[in-house]
Protein chains: 2
Amino acid sequence: MSITPSVPPGNRPEEPALDFSVRGQALLGQEMFKVLERAKKIEEAGAFVYHLELGNPRQPPPRELMDQTLGLLGRGEVGYTYSLGLPVLRQAIAKRYSERLRCPVSEHNVAISPANLLITQFLDLVCNPGDKVVFFCPAFPTYWASASYIGLKVESIPLDERLGYDLTDADVDRAIASGPRAILVNSANNPTGAVYSQAVLERLARLCDQHGIWLLSDETYADICYGRTFFTMATLTYPRLAVMSSFSKVFSIPGFRTGYIIAHPQMIAKISLSTSTLISCLPTFTQLGCAAGVNVLDRYTASVRARCASVMMQCGEILGRCPGLTYSLPHSGFYIFINIAATGLDADTFCWRLLDEQHTAVTPGNSFGVDYRSYVRVAICGRTEDVREGMRRLVAFVETLLPATAVPV
Amino acid sequence: MSITPSVPPGNRPEEPALDFSVRGQALLGQEMFKVLERAKKIEEAGAFVYHLELGNPRQPPPRELMDQTLGLLGRGEVGYTYSLGLPVLRQAIAKRYSERLRCPVSEHNVAISPANLLITQFLDLVCNPGDKVVFFCPAFPTYWASASYIGLKVESIPLDERLGYDLTDADVDRAIASGPRAILVNSANNPTGAVYSQAVLERLARLCDQHGIWLLSDETYADICYGRTFFTMATLTYPRLAVMSSFSKVFSIPGFRTGYIIAHPQMIAKISLSTSTLISCLPTFTQLGCAAGVNVLDRYTASVRARCASVMMQCGEILGRCPGLTYSLPHSGFYIFINIAATGLDADTFCWRLLDEQHTAVTPGNSFGVDYRSYVRVAICGRTEDVREGMRRLVAFVETLLPATAVPV
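Residues numbered from 1 in each chain as written. Chains lettered and ligands numbered in written order. Predicted model: local features only at pLDDT ≥ 70, side-chain atom pairs only at ≥ 80, totals over all residues. Heavy atoms only, no water.

We now examine the layout of surface pockets. Quantified by volume, the largest pocket comes out at close to 710 Å³. Forming the boundary of the largest pocket are 32 residues, of which N56, R58 and R383 of chain A together with E77 and G79 of chain B lie nearest the centre. For the lining of the largest pocket, the elements supplying multiple residues, two or more each, are α2 (31-44) and α14 (384-401) of chain A together with α11 (284-294) of chain B. Partitioning the lining of the largest pocket into residue classes produces 15 nonpolar, 9 polar and 8 charged. (1 Å grid on protein atoms, 1.4 Å probe; cavity = no way out; pocket = protein on both sides within 12 Å on 5 of 7 lines; lining within 4 Å. Points joined across faces, edges and corners; volume = space filled by probe spheres on them. Helix = DSSP H or I, 4+ residues; strand = E, 2+ residues; numbered from the N terminus. Nonpolar A, V, L, I, M, F, W, Y, C, P; charged D, E, K, R; others polar.)

Quick look at the structure:
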């Protein structure tokens, strides 16, 4: 390797680019982690930064979950385990879906893996390079990163901002008509907070089945809906349909890197082989911690929902004072997707200047699709006072940018 | 998804195979995790199993590492962090390599990722499907799983059992002459315990550089050499050379899923994007735990080496009573690679029967290459008494298989 003791990572000007593979050259990563890295540099220089860029919840996780995890770690439970995931956790998930949510799910339909990894695992298991995949947009950055890495053609179907980014039958028709190999659907949605209706989701799944299209339903924010009733596609039984979710958001433990997929046993077997190939297995202590958490999930997420709804209302009040900004009221999740077109800045410039000038980190809209260069995503799951101050700083920053006529007198 | 409440995972006979991608169809996984799963089933039925299949060390991890990890978890450090890995850990690794091992390594040459994932990350970043990769054999199962998944042609170069599976100049010449895109080299070796000489490794790296071949040096067992002096390729500086290692074995924490790669800054930047795409980032608590461990690594691994050397000697005594079995004395690591040709059984049959009849789990040799169907790998890093009893059971099982003439009188 070439050593650069005093040079930052990256290319030295005189050094030619190394010959990476097609996949290596196509890597995008996730933009909000780049924002986080710049924010951390500001913090290292001694300043305080308001972190509204990542869905990094700051509520304490359920006590039962942490007690179990700490107890296991303290007793030295640090060995290897099943690639498929621990039976206790898979059974707890199956029980929740079959008994509480009345879905036809058994443990043989469940595999454990980091939720973010499941996106690439699913797409790589069903798509070949050059295949077409549909995203309803705006769409979560990892979808784009994963599609670019695998070499997929993305059919981007923009949802109507004026309809609150709801998914309509016309959107579904357009998706099917584009002839994709796979479709990703994300209700409750990140970044818009939209929650799609049972009717439209059932129709999407039925049409995918009829056309032999693979369908991944990302339901990470299912338990954090405070506006509309959530419908889980795990109630449906099609061989090419998979449902995935994460424990990161519902238990405020993104650092545990634990999620799950519910699917046909053939897909579950493939996920197990994929996990074995890529990361061998997940830790025992985090999995059994999550299993303990599943028992108290309803109680815990009730408090998360109440807090989100309250913070969202407070943020709405702050944003409401700034006529230059528009957004759709979220019905779920941690995020507000804000239209900043009136500022005249593109999202990247807006985000870097907001970070440098107001020490407030948000995610540029173009992370969610190239058509969203005049949007930013704000995450409201941090400490409430920090979120409020970050929102105030965002509004103050916007007011310096708006033409005088648009500023209220 | 199709639901099979009372049917085990896998295909029902009447159900056609789903249309997975080329990569999906090519998945192999790691055989020893399948052995683990069968062993766990026997345990669930109430029997005790001697686990000699996985390199799953049972020594308590360093106290400093566990105290740090437990302290951070107890304080709720469960958020997202850098995709590249925490600077504190990257700096600790760079300091160890630059000061203790006198390698020209700075933190800008270090990325954190699960070690098993780094194998696929590296191969996928530098190879396209159809490219050729060289493995010196027998070779670690993830290399095969990863190559099959990516679609690489493997040039398998068998090392000479009579030379203790040492790497020779002739092996290196053959590797280079095969015209590969990449070569994987693994000293100290899993499964043979061989430790290659500085001269042959330096020559390999120089020839790879001259021919523009990417080279990954897997040094997971570097600190567990008790026979020969280990040479780290991190002393060398070629742009296409990367060194990877794991904290799983040196700290007895496979469940932490934490490793690192030392490479050119361009490769480090790609690994960061890859980690961001695949798993976002690693936990903070495990990374800072490992950083605390690096400070006591030499003291801790001294005790691991002493224990390995002692257990290895005890196992040698047990094996020595069974003339039907041959093996090369390991100079490093946790493993003995045993030639079972005299039993007349292929490795899969041997392993499944040993597990079912003697409740002793070992890994079939064909996990390390198709040419090793008459070998098994035994891991000796479990509880010493269990390892000894497992070895005794293996020998007892072999004695039932050997022709009467081969049994000592």
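Picking up after the structure, the text goes on.
Time to look at the pairing of strand β7 (residues 241-246) of chain A. Looking down a regular strand, the side chains alternate between one sheet face and the other. Residues and elements named next belong to chain A. Burial analysis of β7 places 6 of its 6 residues in the buried class, which makes it a mostly covered element. Every second residue of β7 is oriented toward a common face, with L241, V243 and S245 on one face and A242, M244 and S246 on the other, all of them buried. Relative to β7, strand β6 (residues 214-218) runs parallel, the two being bridged by 4 bridges. Pairing of L215 across the sheet is with L241, part of β7. Of the pairings in the sheet, the one linking β7 to strand β8 (residues 259-262) comprises 4 bridges and is antiparallel in character. Paired with S245 across the strands is Y260, a residue of β8. (Buried < 20%, exposed > 50% of the residue type's maximum accessible area, 1.4 Å probe, protein only. Pairing = 2+ DSSP bridges.)

Turning our eyes to something else, we now look at the sheet that holds strand β5 (residues 182-185) of chain A. Residue and element names in this part refer to chain A. Strand order across the open sheet formed by 7 strands is β2-β8-β7-β6-β5-β3-β4, with mixed pairing between neighbours. This sheet does not close on itself; its edge strands, each paired only once, are β2 (110-113) and β4 (153-158). Recorded for the sheet is a direction-independent mean angle of 20 degrees between the axes of neighbouring strands. Strands β3 (132-137), β4, β5 and β6 of the sheet are contacted by helix α6 (residues 141-150), whose axis makes an angle of about 165 degrees with β3. The strands touched by helix α8 (residues 198-211) are β3, β5 and β6; relative to β5, the strand with the most contacts, the crossing angle is about 165 degrees. (Axes fitted to C-alpha atoms, helices over the stretch in contact; angles between N-to-C directions. Contact = heavy atoms within 4.5 Å.)

All names here are of chain B. The strand order β2-β8-β7-β6-β5-β3-β4 describes an open sheet built from 7 strands, whose pairing is mixed. In the strand order of this sheet, the two ends are held by β2 (110-113) and β4 (153-158), each with one partner. Adjacent strand axes in the sheet meet at a mean angle of 20 degrees when their direction is disregarded. Relative to the sheet, helix α6 (residues 141-150) contacts β3 (132-137), β4, β5 (182-185) and β6 (214-218), its axis offset from that of β3 by approximately 165 degrees.

Moving on: the pairing of β8 of chain A. Residue and element names in this part refer to chain A. Of the two faces of β8, the one lined by G259 and I261 and the one lined by Y260 and I262 are each fully buried. Bridge analysis of β2 against β8 gives 4 bridges, and the strand direction is antiparallel. Within the sheet, the bridge partner assigned to A111 lies in β8 and is I261.

So, about the packing of helix α5 (residues 115-126) of chain A against helix α10 (residues 265-279) of chain A. Residue and element names in this part refer to chain A. Where α5 meets α10, the closest approach of the two axes is 10 Å, and the angle between their N-to-C directions is 115 degrees. Helix-helix and strand crossings are classified by hand; for α5 and α10 the assignment is right-handed. Judged by residue contacts, L117, L118, Q121, F122, L125 and V126 of α5 engage M267, K270, I271, S274, T275, L278 and I279 from α10. Here the residues of the contact of α5 with α10 sort into 9 nonpolar, 3 polar and 1 charged. (Left-handed = near helix turned anticlockwise from the far one by under 90°.)

Right, let's talk about the packing of aromatic side chains for a bit. Residues and elements named next belong to chain A. For the structure shown, the criterion picks out 40 aromatic pairs over all chains. Centre to centre, the rings of F337 and F368 are 5.7 Å apart; their planes meet at 75 degrees, and the pair counts as edge-to-face. On the criterion of sequence distance, the pair formed by F337 in strand β10 (residues 335-339) and F368 in the loop between β12 (363-364) and β13 (375-379) is long-range, its members being 31 residues apart. The class of F337 is buried, set by a relative accessible area of 2%. (Phe/Tyr/Trp six-rings, centres within 6.5 Å; stacked < 30°, edge-to-face > 60°.)

Next up on the list: the confidence of the model for chain A. Residues and elements named next belong to chain A. Of all residues in chain A, 95% attain a pLDDT of 70 or more, and the chain-wide mean is 93. Long-range and interchain partners of residues 1-13, a stretch whose pLDDT sits below 50, account for 38 contacts in this model, where long-range means more than four residues apart. What the predictor reports for the complex is a pTM of 0.94 with an ipTM of 0.93. (pLDDT = per-residue confidence, 0-100.)

A word on the interface of chain B and chain A. Taken together, the contacts link 102 residues of chain B with 102 residues of chain A. Summed over both sides, the interface of chain B with chain A buries roughly 8600 Å², with 60% coming from carbon and sulfur. Summed over the shared surface of chain B and chain A, the result is 6 salt bridges. Counting across the interface, chain B meets chain A through 40 residue pairs in polar contact (both at pLDDT 80 or more). Residue assignment for the side of chain B that touches chain A shows that the elements contributing at least two residues are α1 (22-26), α2 (31-44), α3 (63-74), α5 (115-126), α6, β7 (241-246), α9 (247-250) and α10 (265-279) of chain B. When its residues are assigned to classes, the side of chain B that touches chain A shows 55 nonpolar, 34 polar and 13 charged. (Buried area = accessible area lost by both parts, 1.4 Å probe. Salt bridge = Lys/Arg side-chain N within 4 Å of Asp/Glu carboxyl O. Polar contact = N/O pair within 3.5 Å; in protein donor to acceptor, adjacent residues only side chain to side chain.)

With that out of the way, let us pick up the pattern of salt bridges. Per the stated rule, a full pass over the model turns up 45 salt bridges over all chains. Here K132 of chain A ties to E155 of chain A by a salt bridge, and the two come within 3.5 Å at their closest N and O atoms. In this pair, K132 of chain A is assigned in strand β3 and E155 of chain A in strand β4, connecting sequence segments 23 residues apart. Its relative accessible area of 22% is what places E155 of chain A among the partly exposed residues. Salt-bridge contacts for R38 of chain B lead to D356 of chain B; the nearest nitrogen and oxygen are separated by 2.6 Å. Taken together, the residues span a long stretch of sequence, with R38 of chain B in helix α2 and D356 of chain B in helix α13 (residues 347-358) at a distance of 318 residues. Residue classification places D356 of chain B among the partly exposed residues on the basis of a relative accessible area of 39%. Linked by salt bridges that have partners in common, E385, R388, E389, R392 and R393 of chain A make up one network.

All names here are of chain A. Taking 1.5 Å of rise per residue, the 18 residues of α14 would be expected to cover 26 Å, and the 26 Å separating its terminal C-alpha atoms lies within 8% of that figure. What α14 keeps buried is the set V387, G390, M391, L394, V395, F397, V398 and L401. For α14, the angular spread of buried residues about the axis comes to 160 degrees, placing them on one side. Structurally, α14 contributes buried residues whose contacts are with β1 (50-51), α12 (297-320), β10, α13 (347-358), β11 (360-361) and β13. (Expected span 1.5 Å × (residues − 1). Arc of directions from axis to C-beta.)

Its 14 residues give α2 of chain A an end-to-end C-alpha distance of 20 Å, which sits within 8% of 20 Å, the value for a rise of 1.5 Å per residue. Along α2 of chain A, the residues classified as buried are E31, M32, F33, V35, L36, A39 and I42 of chain A. Close packing links the buried residues of α2 of chain A with β1, α6, α13, β11 and β12 of chain A together with α10 of chain B. Phi for G46 of chain A, located one or two positions after α2 of chain A, is positive at around 105 degrees.

Position of Q25 of chain B relative to the elements: it lies in helix α1. With 261 residues separating them in the primary sequence, Q25 of chain B and T286 of chain B have C-alpha atoms 34 Å apart. Among all residues touching Q25 of chain B, those that are not within four sequence positions of it are K270 of chain A together with F20 of chain B.

The two copies are related by a screw motion: chain B maps onto chain A through a turn of 180 degrees and a shift of 0.0 Å along the axis, at an RMSD of 0.0 Å. The relationship between the two copies is best expressed as a two-fold rotation axis. It is L70 of chain B whose C-alpha, among those of chain B, lies nearest the rotation axis, at 3.3 Å. Comparing interface residues between copies, 100% of those in chain B also sit at the interface in chain A, which points to an isologous, same-surface contact. (Least-squares fit on C-alpha atoms with pLDDT ≥ 70 in both.)

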